[in-house]
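Architecture and fold: a report
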Amino acid sequence: MPKKKSAKSSDQSELPLDAGSAAPTSEGKGRKTGTTKGKVPAETKAVEAAAPAPVAAPEAIEPAAPPPPRPSGKKVQDEDAPLASSYRGWFLEYASYVILDRAVPHIDDGLKPVQRRILHTLWDMDDGRFHKVANVVGAAMRFHPHGDASIGAALVAIGQRGFLIEPQGNYGNMLTGDEAAAPRYIEARLTAFAKDVLFNPKTTTWQLSYDGRAKEPVTLPAKFPIVLLDGAEGIAVGLSTKILPHNFNDLCRAAINHLQGKTFRIYPDFPTGGIADFSEYSDGERGGKVKVRAKIEARSKNLLAITELPYGTTTESLIESILAANAKGKIKIRHVDDNTADAVEILVHLPAGSEPEKVIQQLYVFTGCQQNISPAACVIVQDEKTGNDRPEFLGVREILKRSVEKTRELLKRELEIRLGELEQQWHWDSLERIFIEERIYRRIEKSKTWESVLAEIREGLQPFLKQLRREVTDDDIARLTEIRIKRISAYNRFQADEAMKKTEAEMKEVKFNLKNLTDYAIKWFEMLAEKYGKGHKRRTSYDEIQEISAKEVVSANQRLYVNREEGFIGLNWRQHEFVQECTILDSALCIMADGSLKVSKVADKVFMGRDILHCAVFPADGDKNFYTMLYQDKESGKAFAKKFQIGGLSRDKLYPLVKSEGSKVLYLEVSKTEKEMPKTLHVSLDGRSGARVREIDFDLTPVPVSTRSAKGLTVTKWAVKEVKRTDLALK
């Protein structure tokens with residue numbers, strides 16, 4: 001009988017015995033009684049004992065309302081749910097934000113948003129002196145809402161290159177990988193090159209910052225391909241960009257060649273130097289590859305010096321790779337010294353008897369002295385149809401062409417703005433000269449209202465309007481009224497004429513440059529090369545790098561050992577059975593007593609299988625040996641003999657050489673040639689078997705040489721005790 005629940009109130013009357021009893025009334029709820037909570041009164045117990053327990057009516061459970069049917073053919077993303085608008089395009093918005101506003105540089109100025117905001121902040125703060133990086137980071141946070149760490153790291157990276165930001169203090173070392181000091185200890189300011197090529201408020205397009213409290217540039221009016229000069233690397237959602245840095249003078253020459261209509265090609269120039277192979281560069285597009293090697297010199301028979309690094313590595317990471325290769329036995333060295341300061345110098349000391357040229361080849365193969373770089377030049381461009389920004393993969397030559405054309409447009413805009421300023425200046429100077437020389441200012445002495453003053457000046461200028469190049473506006477007349485008496489009294493006609501001649505000469509020059517805009521752009525890049533190109537020689541030399549085979553340069557300096565009983569092989573185990581000399585790249589072949597075969601790469605300790613019968617180094621070009629095997633099959637009990645060759649194998653996979661699992665190999669012999677294989681085997685049968693003849697000489701001549709999976713020919717159906725070769729004289 002199910003346990004009856006106690007009533008919530010002791011004042012409740014006795015429950016009726018019928019199933020249709022009423023629920024307790026609300027009057028009894030909450031009343032206090034003398035009974036203890038959870039106890040049932042004695043009267044109630046007596047009634048329960050005398051009558052059967054009532055059956056509680058099951059509570060009615062209302063079924064859950066079914067979800068509203070979705071219109072046929074309509075996707076979940078198209079539902080009109082209350083939160084649908086919040087999640088429908090969230091991932092696309094996030095991906096677009098990361099691509100356009102975080103990770104990928106814009107083609108117009110070659111900068112990511114954080115870099116652009118740092119440089120704009122330095123421009124705002126510029127007074128010719130150095131600023132604490134901590135102050136710059138704090139000021140840049142007005143424009144960049146992603147914290148101080150990203151701003152500080154980006155500023156240090158730009159400062160290490162030195163083209164746009166002049167560093168002062170400990171900015172770390174890009175050669176050794178040392179980090180910069182804290183932002184409060186280092187300082188920065190814009191370089192003269194950055195001021196010349198990046199900033200011009202008159203040609204800058206502005207936008208509000210993220211909180212609407214300040215203005216920041218959409219892109220800086222860069223008049224140089226900054227993205228190719230410094231390079232760029234970033235990982236966005238669904239794409240990444242990797243633009244390699246180039247030499248300053250190479251970019252200037254390539255820009256001039258493009259403006260002159262000549263063909264050109266540019267190759268990266270890494271700040272760490274090295275030797276590079278650009279045969280598969282593919283203009284920096286996706287799918288290209290650049291091989292970069294460290295520059296290694298043999299200073300003596302026992303000493304190598306690394307003086308240049310492959311791009312993307314540091315002396316610390318390179319030394320770690322050398323020590324790791326030495327620990328694994330791929331190379332043999334004594335020790336490594338790092339003397340790097342302003343220039344790279346890693347000294348690799350070799351043991352006596354080493355071959356320096358061979359060790360250099362080994363360093364290229366087994367350490368970080370050679371790197372493969374995969375460029376993928378992706379930049380943000382403006383769609384010509386929609387005007388919206390979008391990422392696009394371009395070659396470095398196309399990026400340079402577009403940057404040079406953008407530079408020419410900016411130079412044209414600057415000339416047009418300057419021409420307008422000169423024309424305005426000439427107009428104001430002409431008005432001032434007429435106003436003072438013709439003493440028009442005397443006409444306003446009796447004027448009592450502002451309107452009469454303007455009318456008198458306009459009337460006085462009427463006879464001289466033909467000397468001007470545009471109409472006289474009210475603003476021009478108002479400006480004449482602002483001329484002070486001191487200036488009028490000190491007016492010098494000769495100086496005024498000289499100033500106007502100078503203005504006219506500059507106007508003539510600007511108009512000439514506008515008509516010959518290409519030549520003017522060429523002069524611009526020639527000026528940059530002359531002014532800032534000194535000392536920027538190529539650091540990376542390019543040459544065709546031949547692929548080095550690891551198998552050809554690796555040394556057989558390892559010793560392979562085997563523990564047959566426990567089934568392990570390993571390198572340099574002196575307490576176990578020695579097999580042979582090997583290299584770290586070799587693989588070992590083992591055949592176990594259960595008829596299984598396995599090939600694995602040699603290592604410190606590898607489990608192959610218990611009861612190893614045969615262990616040898618597996619040749620790289622395949623095992624050419626001939627195997628003779630006699631085994632007792634577990635399933636049928638028969639003994640089979642087979643001749644076979646191993647054939648092709650995969651590493652770390654067990655291959656059966658017997659017919660069924662649980663079989664036992666009774667005899668195994670390895671021969672170099674087919675002629676050396678045994679011709680006859682003497683088979684001794686088990687004494688407990690029912691065979692009449694217990695000694696058999698089995699002729700192996702009819703057994704063909706087949707594959708490792710062949711079953712073989714039947715020798716006997718009885719259990720075999722021992723197998724020996726009888727034709728030892730022919731062996």
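Every chain is numbered independently, its residues counted from 1 as its sequence is written. The model is predicted, so local features are restricted to residues of pLDDT at least 70 and side-chain atom pairs to those at 80 or more, both for listing and for counting; the totals for chains, interfaces and linings are taken over all residues. To get the side-chain values, take all heavy atoms of the structure and skip hydrogens and water.

1. So, the overall build of the chain
We count it as follows: Strands here mean DSSP runs of E at least two residues long; helices mean DSSP runs of H or I at least four residues long; both are numbered from the N terminus. For every residue, the accessible area (1.4 Å probe, protein chains only) is compared with the maximum for its type, and the residue is labelled buried under 20%, exposed over 50%, or partly exposed between those bounds. The contact rule is simple, with two residues in contact once any of their heavy atoms fall within 4.5 Å. Values of accessible area rely on a 1.4 Å probe in the Shrake-Rupley scheme; residue burial ignores everything except the protein chains shown.
Each helix and strand counted, the chain has 18 helices and 33 strands in total. Residue burial in the chain is summarised as follows: out of 731 residues, 42% are buried. By sequence separation, contacts in the chain at least 24 residues apart represent 66% of the contacts at least 6 residues apart. Of the roughly 42,100 Å² of accessible surface on the chain, a fraction of 49% belongs to carbon and sulfur atoms.

2. Quick look at helix H4 (residues 113-125)
The periodicity of an α-helix, 3.6 residues per turn, causes residues three or four places apart in sequence to face the same way. Rule in force here: To estimate the expected span of a helix, count its residues, drop one, and scale the result by 1.5 Å.
The end-to-end C-alpha separation of H4 is 18 Å, in line with the 18 Å expected for 13 residues at 1.5 Å each. When you tally the buried positions in H4, you get 10 out of 13 residues, the bulk of the element. Taken as a whole, H4 has its buried residues at Pro-113, Val-114, Gln-115, Arg-116, Arg-117, Ile-118, Leu-119, His-120, Thr-121 and Leu-122.

3. Section: the pairing of strand E3 (residues 187-190)
Two faces, one strand: in a regular strand the side chains alternate between the faces of the sheet. For clarity, the cut-off: Two strands qualify as a pair provided that DSSP identifies no fewer than 2 bridges between them.
Note: strand E1 (residues 131-132) against E3, 2 bridges, orientation antiparallel. Within E3, the position partnered with His-131 by the bridge is Ala-188.

4. Details of the side chain of Arg-708
The cut-off we apply is this: In summary, the charge assignment counts Lys and Arg as positive and Asp and Glu as negative, without counting His or the chain termini. The salt bridge definition used is simple: a Lys or Arg side-chain nitrogen within 4 Å of an Asp or Glu carboxyl oxygen. N or O atoms within 3.5 Å of each other form a polar contact, as long as, within protein, one can give a hydrogen and the other can take it, and as long as residues adjacent in sequence are counted only when both atoms are side-chain atoms.
Positionally, Arg-708 belongs in the loop between strand E31 (705-707) and strand E32 (713-716). No salt bridge is formed by the buried Arg-708, whose closest oppositely charged neighbour, Asp-623, lies at an N-O distance of 9.7 Å. Polar contacts involving the side chain of Arg-708 include one to the main-chain carbonyl oxygen of Ile-646, which spans 2.6 Å. Setting aside residues up to four positions removed in sequence, Arg-708 forms contacts with Lys-642, Phe-644, Gln-645, Ile-646, Gly-647, Gly-648, Leu-649, Tyr-655, Pro-656 and Leu-657.

5. Some points on a positive patch on the surface
As a reminder of what qualifies: Every patch collects residues that have over 30% relative accessible area and no salt bridge, joining them within 9 Å if they carry like charges and within 5 Å if they are nonpolar side chains (Val, Leu, Ile, Met, Phe, Trp, Tyr). Positions of charges follow a simple convention, taking NZ of Lys, CZ of Arg, CG of Asp or CD of Glu.
A contiguous patch of positive charge on the surface is contributed by Lys-638, Lys-659, Lys-711 and Lys-717. You can see Lys-659 is positioned in the loop between strand E27 (655-656) and strand E28 (664-671).

6. Section: the confidence of the model for the chain
What counts, and what does not: As a per-residue quantity, pLDDT reports the predictor's confidence and falls between 0 and 100.
Taken as a whole, the chain shows an average pLDDT of 86; of its residues, 87% reach a score of 70 or greater. Counting interchain partners and residues more than four positions distant, the pLDDT-below-50 stretch residues 1-58 has 20 contacts.

7. Points about the sheet that holds strand E8 (residues 275-277)
In a beta sheet, neighbouring strands are held together by backbone hydrogen bonds and run either parallel or antiparallel to one another. Reading across from one edge, E14-E9-E8-E17 is the order of the 4 strands in this open sheet, with mixed pairing throughout. Because the sheet does not close on itself, it has two edges, and the strands there are strand E14 (370-373) and strand E17 (541-542). Alignment of strand E9 (residues 290-293) against E14, held across 4 bridges, turns out to be antiparallel. Across the sheet, Val-292 pairs through a bridge with Gln-371, a residue of E14.

8. Some remarks on the nonpolar core
Let me state the cut-off plainly: Nonpolar core, defined: a set of buried Ala, Val, Leu, Ile, Met, Phe, Trp, Tyr and Cys residues in which side-chain atoms within 4.5 Å join the residues together.
The biggest cluster of nonpolar side chains holds 68 residues, and the ones touching the most others in it are Leu-164, Leu-198 and Phe-224. When residues of this core are assigned to their parent elements, the largest contribution, 7 residues, is made by helix H9 (residues 248-259). Excluding residues that lie within four positions of it along the chain, Leu-198 makes contacts with Leu-119, Leu-164, Leu-220, Pro-221, Ala-222 and Ile-226.

9. Observations regarding the pattern of salt bridges
For side chains of opposite charge, pairing can occur when their charged atoms come near one another. Summed over all chains, the structure comprises 36 salt bridges. Put simply, Lys-242 and Glu-233 hold a salt bridge, and the shortest N to O gap is 3.1 Å. When its relative accessible area of 51% is taken as the criterion, Glu-233 is described as exposed. The salt bridge partner of Arg-688 is Asp-686, with a shortest N-O separation of 3.5 Å. Linked by salt bridges that have partners in common, Asp-383, Arg-390, Glu-392, Glu-398 and Arg-402 make up one network.

10. Looking at H9
Look at H9: 17 Å from first C-alpha to last across 12 residues, which is about the 16 Å you get at 1.5 Å a residue. Of all 12 residues in H9, 10 are buried, a share of seventy percent or more. Where H9 is concerned, the buried positions are Phe-248, Asn-249, Asp-250, Leu-251, Cys-252, Ala-254, Ala-255, Ile-256, His-258 and Leu-259. In the core, the buried residues of H9 are packed alongside helix H7 (192-198), helix H8 (226-230), helix H12 (396-437) and helix H17 (517-532).

11. Notes on the environment of Pro-183
The topology assignment puts Pro-183 in the loop between strand E2 (165-168) and E3. A C-alpha to C-alpha distance of 9.6 Å links Pro-183 and Ala-153, two positions 30 residues apart in sequence.

12. Observations regarding the environment of Arg-651
By secondary structure assignment, the location of Arg-651 is in the loop between strand E26 (639-645) and E27. Under the relative-accessibility criterion, Arg-651 is labelled partly exposed at 47%. Sequence-distant contacts of Arg-651, defined by excluding residues within four places in its chain, comprise Leu-585, Ser-587, Val-599 and Lys-601.

13. Quick word on the packing of aromatic side chains
Which entries qualify depends on this criterion: Two rings from Phe, Tyr or Trp (for Trp, the six-membered ring) form a pair when their centres are within 6.5 Å of each other. A pair whose planes differ by under 30 degrees is stacked, one over 60 is edge-to-face, and the rest are tilted. Comment: the charge-over-ring label is applied if NZ (Lys) or CZ (Arg) is within 6 Å of the ring centre and within 35 degrees of the ring normal.
For the coordinates displayed, the defined rule picks out 18 aromatic pairs. On the basis of an interplanar angle of 70° and a centroid distance of 5.9 Å, the ring pair of Phe-278 and Tyr-281 is categorised as edge-to-face. By relative accessible area, Tyr-281 is classed as buried at 2%. Across the ring face of Phe-578, the terminal group of Arg-559 is positioned such that the distance to the ring centre comes to 4.1 Å. Here the basic side chain of Lys-642 rests over the ring of Phe-644, its NZ or CZ set 4.9 Å away from the ring centre.

14. Structural notes on the sheet that holds strand E33 (residues 720-725)
Here is the rule we go by: Only C-alpha atoms enter the line fits that serve as axes; for helices the fit covers just the stretch in contact. Angles between N-to-C directions range over 0 to 180 degrees.
The 3 strands are arranged E30-E29-E33 in an open sheet whose pairing can be described as antiparallel. Where the open sheet ends on each side, the last strands, each with one partner, are strand E30 (695-699) and E33. The mean angle between the axes of side-by-side strands here comes to 25°, regardless of whether they run parallel or antiparallel. Of the strand pairs in this sheet, strand E29 (residues 680-685) and E30 are connected by 5 bridges, and their pairing is antiparallel.

15. Brief notes about the packing of H9 against H17
Rules: In this scheme, roughly parallel covers angles under 35 degrees and roughly antiparallel covers those over 145, while 65 to 115 is roughly perpendicular and the rest are oblique. If you view the pair so one helix is near and one far, a crossing is left-handed when the near helix is turned anticlockwise from the far one by less than a right angle, and right-handed when it is turned clockwise. When residues are grouped by polarity, Ala, Val, Leu, Ile, Met, Phe, Trp, Tyr, Cys and Pro land in nonpolar, Asp, Glu, Lys and Arg in charged, and all others, Gly among them, in polar.
Contact geometry of H9 with H17 gives a least axis separation of 9 Å together with a crossing angle of 165°. Compared by their axis directions, H9 and H17 come out roughly antiparallel. Here H9 runs over H17; the crossing is left-handed. Residue-level inspection shows Phe-248, Asn-249, Cys-252, Ala-255, Ile-256 and Leu-259 of H9 in contact with H17, the latter providing Thr-518, Ala-521, Ile-522, Phe-525, Glu-526, Leu-528, Ala-529 and Tyr-532. Considering only residue class, the contact of H9 with H17 consists of 11 nonpolar, 2 polar and 1 charged.

16. Points about the environment of Phe-270
Considering the arrangement of structural elements, one finds Phe-270 in the loop between H9 and E8. The class for Phe-270 is buried, based on a relative accessible area of 0%. Along the chain, Phe-270 and Gly-231 lie 39 residues apart, while their C-alpha atoms are 9.6 Å from each other. The residues touching Phe-270, leaving out its near neighbours within four places in the chain, are Leu-244, Pro-245, Ala-276, Val-290, Val-292, Tyr-311, Ile-373, Arg-539 and Thr-540.

17. As for a nonpolar patch on the surface
A contiguous nonpolar surface patch, about 370 Å² in accessible area, is contributed by Trp-90, Phe-91 and Tyr-94. If you trace the backbone, Phe-91 turns up in helix H3 (residues 90-103).

18. Some words on a negative patch on the surface
On the surface, Glu-565, Glu-566, Asp-594, Asp-611 and Glu-661 cluster together into a negatively charged patch. Structurally, the position occupied by Asp-611 is in the loop between strand E23 (606-607) and strand E24 (612-618). Residue Asp-611 is classed as partly exposed on the basis of its relative accessible area, which comes to 42%.

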